[in-house]
Amino acid sequence: MSERLTAGDTAPAFSLPDADGNTVSLADHKGRKVVVYFYPAALTPGCTKQACDFTDNLDLLAGAGYDVIGISPDKPEKLAKFRERENLKVTLLSDPSKSVLESYGAFGQKMMYGKTVTGVIRSTIIVDEEGTVERAFYNVRATGHVAKIIKDLGI
């Protein structure tokens, strides 16, 4: 099981392809705060709700200095379909090897329908302008989580 991040940790660097196949790195966002959220699968009900919530609140978050990046094991082609179908405005990145998911503690054992399974742990990591973890939320709910983040961040 991968180690979970806590406030004060250095956010692991990453470079992953987006929905269009362009490489996006955490370093590209230096000087801005970043909401990095991890979700199990594009085009599923919970993940769609969460991505739409982030899209609906993107202007508010961007106005407060936050960029939003969603990461899943899905291939870029599926992310592009997800973005188009749901009219998403957040940056979606593909991590099929799950190496970034693991480095952020967002892949491992979790409870699903009363059974222990290995998979993506729905998580959100807030990274400050210098690349340090400001907050880390694990096992979050798809619904209502964005509102909770906005409240916790005082936006």
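Residues numbered from 1 in each chain as written. Predicted model: local features only at pLDDT ≥ 70, side-chain atom pairs only at ≥ 80, totals over all residues. Heavy atoms only, no water.

### Some words on the sheet that holds strand E4 (residues 66-72)
Defined as follows: Any two strands with at least two DSSP bridges between them are considered paired. Strands are runs of DSSP state E lasting at least two residues, helices are runs of H or I lasting at least four, and both sets are numbered from the N terminus onward. Axis angles are defined between N-to-C directions and span 0 to 180 degrees, where every axis is a line fitted to C-alpha atoms and, for a helix, only to the segment in contact. The contact rule is simple, with two residues in contact once any of their heavy atoms fall within 4.5 Å.
Read across the sheet, 5 strands follow the order E5-E4-E3-E8-E9 without closing on themselves; strand pairing throughout is mixed. With one partner strand each, in any of the chains shown, strand E5 (91-94) and strand E9 (133-138) form the two edges of the open sheet. Taking the axes of each pair of neighbouring strands and ignoring which way they run, one obtains an average angle of 20° across the sheet. Where strand E3 (residues 33-38) and E4 come together, 6 bridges link them in parallel fashion. Among the inter-strand pairings, Val36 is bridged to a residue of E4, identified as Ile69. Taken strand by strand, helix H1 (residues 45-56) contacts E3, E4 and strand E8 (123-127), and its axis lies near 165° from that of E3.

### Re helix H5 (residues 145-152)
We apply this condition: The classification of residues rests on relative accessible area computed with a 1.4 Å probe and restricted to protein chains. Under 20% of the type maximum is buried, over 50% is exposed, and intermediate values are partly exposed. In this description, the arc belongs to the directions extending from the helix axis to the C-beta atoms.
Those residues of H5 that fall on the buried side of the exposure criterion are His145, Val146, Ile149 and Ile150. The buried residues of H5 occupy one face: seen down the axis, they fall within an arc of 140°. In H5, those exposed residues whose orientation departs by more than 90 degrees from the buried face are Ala147 and Lys151. Close packing links the buried residues of H5 with H1, helix H2 (58-63), E8 and E9. Within two residues after H5, Gly154 carries a phi angle of roughly 70°, on the positive side.

### What to know about the side chain of Asp18
Worth spelling out the cut-off: Two residue types count as positive, namely Lys and Arg, and two as negative, namely Asp and Glu; His and chain ends fall outside the count. The term salt bridge refers to a pairing of a side-chain nitrogen on Lys or Arg with a carboxyl oxygen on Asp or Glu at a separation within 4 Å. Definition of a polar contact: a pair of N or O atoms within 3.5 Å, with one able to donate and the other able to accept a hydrogen when the atoms are protein atoms, and with sequence-neighbouring residues admitted only if both atoms are side-chain atoms.
Note on placement: Asp18 falls in the loop between strand E1 (15-17) and strand E2 (23-25). For the buried Asp18, no salt bridge is present, and the opposite-charge side chain at shortest range is Arg83, 5.9 Å distant. Of note is the side chain of Asp18, whose polar atom sits 2.8 Å from the backbone nitrogen of Asp20. Apart from residues no more than four positions distant in its own chain, Asp18 is found in contact with Val24, Pro76, Leu92 and Leu93.

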